[in-house]
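Listed below, chain by chain, are the residues.
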Amino acid sequence: MPSNNSVKDYIRTIVDFPHEGIMFRDVTTLFADPRGFRMAIDQMLHPYAGQQIDKVVGLEARGFILGGAIAHQLSKGFVPVRKKGKLPAATIAEEYQLEYGSAVVEIHDDALVAGDKVLIVDDLLATGGTAEAGIKLCERLGASIVGCAFVVDLPDLGGRRRLESMGIEVHALCDFAGH
């Protein structure tokens, strides 16, 4: 792809996936392109230049890819927030609501210490439920949230408003209308 593309240009849209009526924003095409991936990581870091960040927290699963790269760039540790039952040591859990039902995410209970300043990272912000659960887990361990960084925001689903109403700074590289 030409070098004047934006991050959004590297993201593929899959119609009717995972079910009819959904426009799935596929960031794997962004991850697969070295220029696009580097651009995304650099742009996700930019708003936080000069701020103290002690750990990068990635939300399952694509947040692990982004968070690992960002933690590497910052020379900081990476902490995963995973689906229930996936972490091997003692954890704390947070339940959140889905469109139909609920889900639970967990973090190791020793992953953060009081006073840690964390950046939370994921690929996509939709309703904000997963991000809110991740924020609550970090705060329960005594960490403070520097911000939440996403590649894609789906503003029609209200996630940004939800997180900002909690006092969280939200940064997204691009947005797509609808869901």
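Residues numbered from 1 in each chain as written. Predicted model: local features only at pLDDT ≥ 70, side-chain atom pairs only at ≥ 80, totals over all residues. Heavy atoms only, no water.

Naming follows an unreviewed UniProt entry, where the protein appears as Adenine phosphoribosyltransferase of Rhodovulum steppense. Recorded in UniProt under Catalytic activity (unreviewed entry), the annotation for the protein is "AMP + diphosphate = 5-phospho-alpha-D-ribose 1-diphosphate + adenine". Here the protein is described in UniProt, under the heading Pathway (unreviewed entry), as follows: "Purine metabolism; AMP biosynthesis via salvage pathway; AMP from adenine: step 1/1." (UniProt positions renumbered as here; feature names shortened; annotations may be inferred.)

Peer 1: For this particular structure, what's the right way to read the UniProt feature "domain: Phosphoribosyltransferase" (unreviewed entry) in the protein?
Peer 2: Taken from the UniProt record, the annotation "domain: Phosphoribosyltransferase" (unreviewed entry) applies to residues 48-155. For residues 48-155, the helix share is 23%, the strand share is 42%, and the end-to-end C-alpha distance is 22 Å. (Helix = DSSP H or I, 4+ residues; strand = E, 2+ residues; numbered from the N terminus.)

Peer 1: What is the right way to look at the pairing of strand β6 (residues 102-108) in this model?
Peer 2: The two faces of a sheet get side chains in turn, since along a regular strand they alternate between them. In terms of residue burial, β6 counts as a mostly covered element, since 5 of its 7 residues are buried. Note: strand β4 (residues 77-83) against β6, 2 bridges, orientation antiparallel. In the strand pairing of β6, R82 is matched with E106. Of the pairings in the sheet, the one linking strand β5 (residues 91-97) to β6 comprises 7 bridges and is antiparallel in character. (Buried < 20%, exposed > 50% of the residue type's maximum accessible area, 1.4 Å probe, protein only. Pairing = 2+ DSSP bridges.)

Peer 1: Whenever I open this one, the packing of aromatic side chains confuses me. Can you help?
Peer 2: For any pair of aromatic rings, the description rests on two quantities: the centre-to-centre distance and the angle between the ring planes. Enumeration according to the criterion identifies 3 aromatic pairs in this entry. The interplanar angle of 85° and the centroid separation of 5.2 Å between the aromatic rings of F17 and F24 together place this pair among those described as edge-to-face. Looking at F17, the relative accessible area reads 42%, which means it is partly exposed. Given the relative accessible area of 24%, F24 is considered partly exposed. A cation over an aromatic ring shows up here: K8 above the ring of F176, its NZ or CZ 4.7 Å from the ring centre. (Phe/Tyr/Trp six-rings, centres within 6.5 Å; stacked < 30°, edge-to-face > 60°. Lys NZ or Arg CZ within 6 Å of the ring centre and 35° of its normal.)

Peer 1: Explain the environment of A71 to me, please; I cannot follow it from the model alone.
Peer 2: Residue placement: A71 occurs in helix α3 (residues 62-74). The exposure class of A71 is buried, given its relative accessible area of 3%. Put simply, A71 and E164 are 93 residues apart on the chain and 23 Å apart in space, counted from C-alpha to C-alpha. The residues contacting A71, other than those within four sequence positions of it, are V56, K76, G77 and F78. (Contact = heavy atoms within 4.5 Å.)

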